[in-house]
Amino acid sequence: VQGGRIDPSAVQGLTYVFVADLAPTDDGGVALLLHATATDALTQAKAGVADRPSANLDNTYIVNYDKDGQLRDLNKLDLKFVPVRMASLPGSQLAVSGFDSPHDRAILAILSTDGTLIRVLDDAGSLPEADTLLSRSKIALDQVPSDARKRQAEVGALSGFLFGYAGRKTLFLEPGAKPSVWSLEGTDLRKSS
Amino acid sequence: LKVPAGTSAQTIVPTDGPWLVRAFTSATDEGMLLEFDPNTGDLKRRIDAGAVPATSIFYENDNAFYAYWWDKTQHSFILKGR
């Protein structure tokens with residue numbers, strides 16, 4: 001973005017926005033947003049859960065901005081997994097990490113910038129499964145054991161994995177004392193030794 | 001990646017090719033910038049940024065490093081170095 005200022009927290013019509021990720025594109029920028037609705041807020045307030053509602057993992061958006069930082073389009077995602085992190089790829093595509101609840105594992109997918117799923121990358125099972133993510137989560141499950149809490153913990157652990165760029169390759173880092181890196185070039189996904 | 005013992009990898013610095021990772025020692029929280037071999041995951045070198053913390057480097061292109069930091073009057077600046 002040249003000379004403009006992106007403000008993803010101020011998308012008209014969305015309240016309680018959580019910016020999961022931002023990435024530059026050839027002609028502007030793109031954001032991955034999680035969003036809580038007024039209904040979420042009311043429900044959680046009545047339950048005495050929180051003063052501020054947590055983002056609804058089912059309400060996720062891809063937002064595109066032009067080079068001046070002006071909102072170009074807002075696309076509600078309809079994916080079979082919870083998107084967690086995002087990176088831009090050449091050719092107006094996005095790499096998105098996410099948690100696949102039905103199969104209890106992390107996945108990487110390629111989306112178009114309008115949020116359409118192009119393909120899920122097959123990495124021969126090298127990305128972490130749910131049990132691995134739970135072991136790395138800092139959310140105490142024993143306090144509020146529930147499927148929703150478990151999913152929050154798994155997604156939370158996966159949100160610590162970060163994208164980066166090295167030339168034509170997009171990298172996906174599992175941080176920590178024993179870090180792993182997956183490299184993505186085109187549709188070729190490889191785990192580094 | 002083969003990080004030094006007692007070190008935790010944190011984030012990737014965008015580059016035109018090299019694999020640069022910000023890392024911190026667990027004991028002292030000292031930050032560092034490490035370059036790794038993309039093929040083997042071996043540590044190639046630890047990058048010294050001189051006057052600014054190596055972790056303030058946010059971008060590398062054509063062997064030039066760009067860092068974001070503050071002077072003594074708290075004015076921010078971008079430093080380019082090789």
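Procedures and definitions
- Counting from 1, residues in each chain are numbered in the order their sequence is written.
- The lettering of chains begins at A and the numbering of ligands begins at 1, in the order of writing.
- Per-residue local features are limited, in this predicted model, to residues with pLDDT of at least 70; the limit for side-chain atom pairs, both in listing and counting, is 80 or more; totals at the level of whole chains, interfaces and linings are taken over all residues.
- The side-chain numbers reported here are obtained from all heavy atoms of the structure, hydrogens and water having been left aside.
- Think of a nonpolar core as a cluster: buried Ala, Val, Leu, Ile, Met, Phe, Trp, Tyr and Cys residues, connected wherever their side-chain atoms sit within 4.5 Å.
- Exposure categories follow from relative accessible area, calculated using a 1.4 Å probe and restricted to protein chains: below 20% of the type maximum is buried, above 50% is exposed, and the middle band is partly exposed.
- Runs of H or I in DSSP of at least four residues are treated as helices and runs of E of at least two as strands, each being numbered from the N terminus.
- By definition in these notes, contact holds between two residues if any of their heavy atoms fall within 4.5 Å.
- Buried area, as used here, totals the accessible surface that two parts lose on assembly, with accessibility defined by a 1.4 Å probe and the loss added over both.
- A pair is scored as a salt bridge if a Lys or Arg side-chain nitrogen falls within 4 Å of a carboxyl oxygen belonging to Asp or Glu.
- Polar contact criterion, stated in full: a pair of N or O atoms within 3.5 Å, where within protein one must be able to donate a hydrogen and the other to accept it, and residues adjacent in sequence count only if both atoms are side-chain atoms.
- Just so you know the grouping, Ala, Val, Leu, Ile, Met, Phe, Trp, Tyr, Cys and Pro go in nonpolar, Asp, Glu, Lys and Arg go in charged, and all remaining residues, Gly too, go in polar.
- Strand pairing requires that DSSP identify at least two bridges connecting the strands.
- To get an axis, a line is fitted to the C-alpha atoms, and for a helix only the part in contact is used. The angle between two axes follows their N-to-C directions and goes from 0 to 180 degrees.

Undergrad: What is the right way to look at the nonpolar core in this model?
TA: If you look at soluble globular proteins, the nonpolar side chains tend to sit buried side by side. Residues and elements named next belong to chain A. Counting 22 residues, the largest nonpolar core has Leu108, Leu133, Leu158 and Phe172 as the members making the most contacts within it. Of all elements in the fold, only β5 (82-89), β6 (93-100), β7 (105-112), α2 (130-136), α3 (147-158) and β11 (180-185) reach the threshold of two or more residues within this core. Top element by residues in this core is β5. It accounts for four residues. When sequence neighbours within four positions are dropped, the list of residues in contact with Phe172 reads Ser97, Leu108, Leu127, Phe161, Leu162, Phe163, Ser180, Val181 and Trp182. Counting residues in each nonpolar core, the second largest holds 15 residues, with Leu34, Ile62, Val96 and Ala109 among its members.

Undergrad: Would you explain the interface of chain A and chain B in this entry?
TA: For interface size, the figure often reported is the accessible area lost on association. Opposite the 15 residues of chain A that make contact, chain B presents 19 residues. In this assembly, chain A packs against chain B so that about 1,300 Å² is buried in total across both faces, 62% of it on carbon and sulfur atoms. Counting across the chain A and chain B interface gives zero salt bridges. At the boundary of chain A with chain B, the tally comes to four residue pairs in polar contact (both at pLDDT 80 or more). No other element matches strand β9 (residues 162-166) of chain A, which puts four residues into the side of chain A that touches chain B. A per-class count over the side of chain A that touches chain B returns nine nonpolar, six polar and no charged.

Undergrad: Explanation requested: unusual backbone geometry in the structure shown.
TA: As a rule of thumb, non-glycine residues mostly have phi less than zero, and peptide bonds are mostly trans rather than cis. All names here are of chain A. Backbone geometry places Ser92, a non-glycine residue, at a positive phi of 55 degrees. Checked against the element boundaries, Ser92 lands in the loop between β5 and β6. Ser92 sits in the exposed class, given a relative accessible area of 52%.

Undergrad: Looking at this model, I keep getting lost on the sheet that holds strand β6 (residues 64-70) of chain B. Mind explaining?
TA: Picture the strands of a sheet paired through backbone hydrogen bonds; they go either parallel or antiparallel. Residue and element names in this part refer to chain B. The strand order across the open sheet formed by three strands is β5-β6-β7, and the pairing between neighbours is antiparallel. Since the sheet does not close on itself, it has two edges, and those belong to β5 (57-61) and β7 (76-81), each with one partner. Strand-to-strand twist of the sheet, defined as the mean angle between neighbouring strand axes without regard to direction, takes the value 20 degrees. Here β5 pairs with β6 via four bridges, running antiparallel. Its bridge partner lying in β6, Asn61 is registered against Ala64.

Undergrad: Which parts of the structure should I look at to understand the sheet that holds strand β2 (residues 19-25) of chain B?
TA: Residue and element names in this part refer to chain B. Spatial ordering of the open sheet is given by β1-β2-β3-β4, a layout of four strands whose pairing is antiparallel. In this open sheet, the two strands that pair with only one neighbour each are β1 (7-13) and β4 (43-47). Here the strands of the sheet are splayed against their neighbours by 35 degrees on average, with no regard to which way each runs. Examined bridge by bridge, strand β3 (residues 31-36) and β4 share four bridges and lie antiparallel to one another. By the bridge assignment, Leu34 is partnered in β4 with Arg46.

Undergrad: When you look at the pattern of salt bridges in this model, what are you seeing that I'm missing?
TA: Once their charged atoms are close, side chains differing in charge can pair, the charge on each being opposite to the other. By the definition in use, this model includes eight salt bridges over all chains. Across the salt bridge formed by Asp27(A) and Arg72(A), the nearest N and O atoms sit 3.6 Å from each other. Residue Asp27(A) is found in the loop between β1 (17-25) and β2 (28-35), and its partner Arg72(A) is found in strand β4 (residues 71-76); the two are separated by 45 residues along the sequence. Since its relative accessible area comes to 41%, Asp27(A) is described here as partly exposed. Judged by its relative accessible area of 43%, Arg72(A) is partly exposed. Ionic pairing is found between Arg168(A) and Glu185(A), a salt bridge with its closest N-O pair at 3.5 Å. Residue Arg168(A) is found in the loop between β9 and β10 (169-174), and its partner Glu185(A) is found in strand β11; the two are separated by 17 residues along the sequence. On the accessibility criterion, Arg168(A) (69% relative accessible area) is exposed. Residue classification places Glu185(A) among the partly exposed positions, given a relative accessible area of 33%. Salt bridges here are not isolated pairs; linked through shared partners, they connect Glu35(B), Lys44(B) and Arg45(B).

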